[in-house]
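# Coordinates in review
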Amino acid sequence: MNSIEVTALTKKFGSFTAVNEISFNVKQGEIFGFLGANGAGKSTAIKMLCGILEPTSGDAIVGGFSVMKQPDKVKANIGYMSQRFSLYNDLTVEENINFYGGVYGLYKRKLAERKKWVLKVAFLEGKEKFLTGSLPGGIKQRLALAIAVIHEPKIVFLDEPTGGVDPISRRNFWDLINELSQSGVTVFVTTHYLDEAEFCNTITLINAGGIIASGNSQELKTKYLTNSILEIECNRVVDALDILSKEPWVRETSIFGNYIHISVEDEIEGRRLIKKILTDERSINVLRIDKIVPTLEDVFIYLLEKDSKKNVE
Ligand SMILES: Nc1ncnc2c1ncn2[C@@H]1O[C@H](COP(=O)(O)OP(=O)(O)OP(=O)(O)O)[C@@H](O)[C@H]1O
Ligand SMILES: [Mg+2]
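Residues numbered from 1 in each chain as written. Chains lettered and ligands numbered in written order. Predicted model: local features only at pLDDT ≥ 70, side-chain atom pairs only at ≥ 80, totals over all residues. Heavy atoms only, no water.

This next bit is on helix α6 (residues 167–182). Under the 1.5 Å per step criterion, the end-to-end length of α6 is 22 Å for 16 residues, consistent within 8% with the ideal 22 Å. Residues of α6 that are buried include every one of Ser169, Arg170, Phe173, Trp174, Leu176, Ile177, Leu180 and Ser181, and no others. In an axial view of α6, the angular spread of the buried residues amounts to 155°, which keeps them on one side of the axis. Every exposed residue of α6 that faces more than 90 degrees away from the buried side is listed here: Ile168, Arg171 and Gln182. (Helix = DSSP H or I, 4+ residues; strand = E, 2+ residues; numbered from the N terminus. Expected span 1.5 Å × (residues − 1). Buried < 20%, exposed > 50% of the residue type's maximum accessible area, 1.4 Å probe, protein only. Arc of directions from axis to C-beta.)

Attention shifts here to the packing of aromatic side chains. Summed over the entire model, instances satisfying the criterion amount to 11 aromatic pairs. With centroids separated by 5.2 Å and ring planes inclined at 50°, the aromatic side chains of phenylalanine 34 and phenylalanine 188 adopt a geometry described as tilted. Taken together, the positions of phenylalanine 34 in strand β3 (residues 31–35) and phenylalanine 188 in strand β8 (residues 186–191) put the pair 154 residues apart, joining distant regions of the chain. Judged on exposure class, the residue phenylalanine 34 and its partner phenylalanine 188 are both buried. Ring centres of tyrosine 88 and tyrosine 100 lie 6.3 Å apart, and the angle between their planes is 20°; on these two criteria the pair is classed as stacked. Here tyrosine 88, found in the loop between β6 (78–81) and α3 (93–103), pairs with tyrosine 100, found in helix α3; they are 12 residues apart in sequence, far enough to count as distant. Relative accessible area serves as the criterion here: at 40%, tyrosine 88 is assigned to the partly exposed category. By relative accessible area, which is 14% here, tyrosine 100 ends up buried. Chaining the aromatic ring pairs together yields one cluster made of Phe24, Phe32, Phe34, Phe157 and Phe188. The ring of tyrosine 193 carries the charged tip of arginine 170 above its face, separated from the ring centre by 3.7 Å. Positioned above the aromatic ring of tyrosine 259, the side-chain terminus of arginine 288 is 4.8 Å from the ring centre. (Phe/Tyr/Trp six-rings, centres within 6.5 Å; stacked < 30°, edge-to-face > 60°. Lys NZ or Arg CZ within 6 Å of the ring centre and 35° of its normal.)

None of the figures reported here should be taken as evidence of function without further support.
Dropping the structure here:
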């Protein structure tokens, strides 16, 4: 069952198109990752799906309601953590819970019951009088997420919820996303982080307002990239990268730690040319060349470069 159905959703600001006829479905209970660079249109899309920004054209059915015709119904039935959302630092944990609980229309017994739940999942039992500003970043984000779903919506939208959060806290935060998804809540999340994309059931890549790829991580790694990715271990990595990036037979180059990744159409020929050019002509010591399963980053670099070439043509 789909909990979100998006059809040709579009937002224009004057003559500028921020989101351009995007269409996709999100299944109930899945973690749907929306990925894209700065300015790709993620926040604009999420705001339209939450019923807080009116689309220019197209529509989306979110939890059974149209964002075009019933934005208030949409708003009442979802949870939303906006990109720069943060709790009130100068209030205690409990005061934040009471405040947002009230905003979502929870009082008395229901509020008390949900407060208990929020404190438990944010690891803050017994710490309700702590000032929110004094909490570690990861705990604060868990608290913010728990509060975003305090009214038990079936769908929650999270716009870059882990921006600026350290990796271990991000892991912690994702545990809570997984718990929510397992309990049947649909999680729509935007992120820049490719490791987080791996935790999503479906990943959709957006560039310049349009969707350029969609699928699970495995599909993305196999469906779009027909070239081979070769990982090269060598000395003088910077020189080697520079030399390779100027070669016409090398499609994309990127650096992973101390290794170089290049994409080539023909693996055997690629290996021969690497040896010829780096070792024989430039005396670079190539220790190893391996064909690797592409990472999501390889796939995205490839897709984004392809899309930007298309936009130029
Ligand atoms: N109210 C507005 N008026 C005019 N242009 C806007 C408005 N809101 C967003 N834009 C433009 O629309 C494009 C998409 O912005 P959006 O905030 O959706 O991107 P994003 O993918 O969320 O980026 P980021 O990763 O930086 O948060 C940008 O070029 C932005 O400048
Ligand atoms: Mg944004």
